[in-house]
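So you can see what is in the structure, the chains are spelled out below.
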Amino acid sequence: MTRPPSAEGALLEAMAAIAPGDIRTGCRLIREADETHLMPEEARSIPARQPAMRRASGAARLVAHKLLADIGIRDVAILRAPSGAPVWPRGITGSLAHDDEMAVAAVAPVGRIRSLGIDVEPAQPLPDDIFEIVSTNADQIGTTDRQLAGRILFCAKEAVYKAAYPLDRQILGYEDIAVDLGTGRAMTRTGRKVSLAYCAAPRVVVLAFVGGDDV
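## Observations concerning the overall build of the protein
Line of reasoning, step 1. Helix and strand content of the protein: five helices and eight strands.
Line of reasoning, step 2. Each helix (α) and strand (β) of the protein, taken in turn from the N terminus, gives the series α-β-α-α-β-β-β-α-α-β-β-β-β.
Line of reasoning, step 3. Considering only C-alpha atoms, the protein reaches an extent of 50 × 45 × 35 Å along its principal axes.
Line of reasoning, step 4. Scored against the burial criterion, the 215 residues of the protein give a buried share of 48%.
Line of reasoning, step 5. In the structure as shown, the protein presents an accessible area of about 10900 Å², 52% of it carried by carbon and sulfur atoms.

## Some points on the environment of L126
Line of reasoning, step 1. With respect to the helices, strands and loops of the structure, L126 is situated in the loop between β4 (113–122) and α4 (128–134).
Line of reasoning, step 2. The spacing of L126 and A201 is 75 residues in sequence and 15 Å in space, taken between C-alpha atoms.
Line of reasoning, step 3. Residues within four places of L126 in sequence aside, it is in contact with F131, V134, G150, R151 and F154.

## Comments concerning the nonpolar core
Line of reasoning, step 1. Judged by nonpolar contacts, the single largest core of 25 residues is most densely connected at V160, V179, A186, V194, L196, V206 and A208.
Line of reasoning, step 2. For this core, the secondary structure elements donating two or more residues are α5 (149–168), β5 (177–180), β7 (193–199) and β8 (203–211).
Line of reasoning, step 3. The element best represented in this core is α5, accounting for ten residues.
Line of reasoning, step 4. Non-local contacts of V206, meaning those with residues more than four positions away in its chain, are made with G117, I118, D119, I152, C155, A156, A159, L196, A197 and Y198.
Line of reasoning, step 5. Judged by nonpolar contacts, the second largest core, of 21 residues, contains I18, A106, I113 and C199.

Reading guide: rules and limits
Residues numbered from 1 in each chain as written. Predicted model: local features only at pLDDT ≥ 70, side-chain atom pairs only at ≥ 80, totals over all residues. Heavy atoms only, no water. Helix = DSSP H or I, 4+ residues; strand = E, 2+ residues; numbered from the N terminus. Buried < 20%, exposed > 50% of the residue type's maximum accessible area, 1.4 Å probe, protein only. Areas by Shrake-Rupley, 256 points an atom, 1.4 Å probe, with all protein chains shown as cover. Contact = heavy atoms within 4.5 Å. Core = buried A, V, L, I, M, F, W, Y, C linked by side-chain atoms within 4.5 Å.

Rendered as structure tokens:
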């Protein structure tokens, strides 16, 4: 009898299927005491004192450290910058995210990928009031599942912001990002072009990345 895939295993497979070759992705169900995985320097750089937030940060960084170790980078603290973004080792771009249950991370050598962002959300419809805040007339959902289109759009804009901010240092609202889920592209009000890839099960995860040739 075939055992059903675990929540982590199923998401790992789904993320690997959407990630371009240069991007490594990983995930972890957030567990009790995951805050203990924070390196001392990381713990000091994270101002949040709520146990849930620190557990999530520890889980996401544990995933990121494993991804970095796979490419030979070990024992490097991923500090939290004043902007809230993680600080990556030289020559690496990456992103962290979590919802209430799952932490995810993505890393890539800087080269064909200049910058990337990731976001994760439960695979559930986005509440109507949030959708009205997130969506604009410039957004296109294409043939995306109508039930999850709002959640994917929300996730995409969060990921795009994470990918664009290190390059442009501009604060962006949802209205400043136009997303086309059909073509897998997004554009910020600053003219930054960002590519998108997403999965919708077992969780919504969006990868946003700026290629080395994008202006």
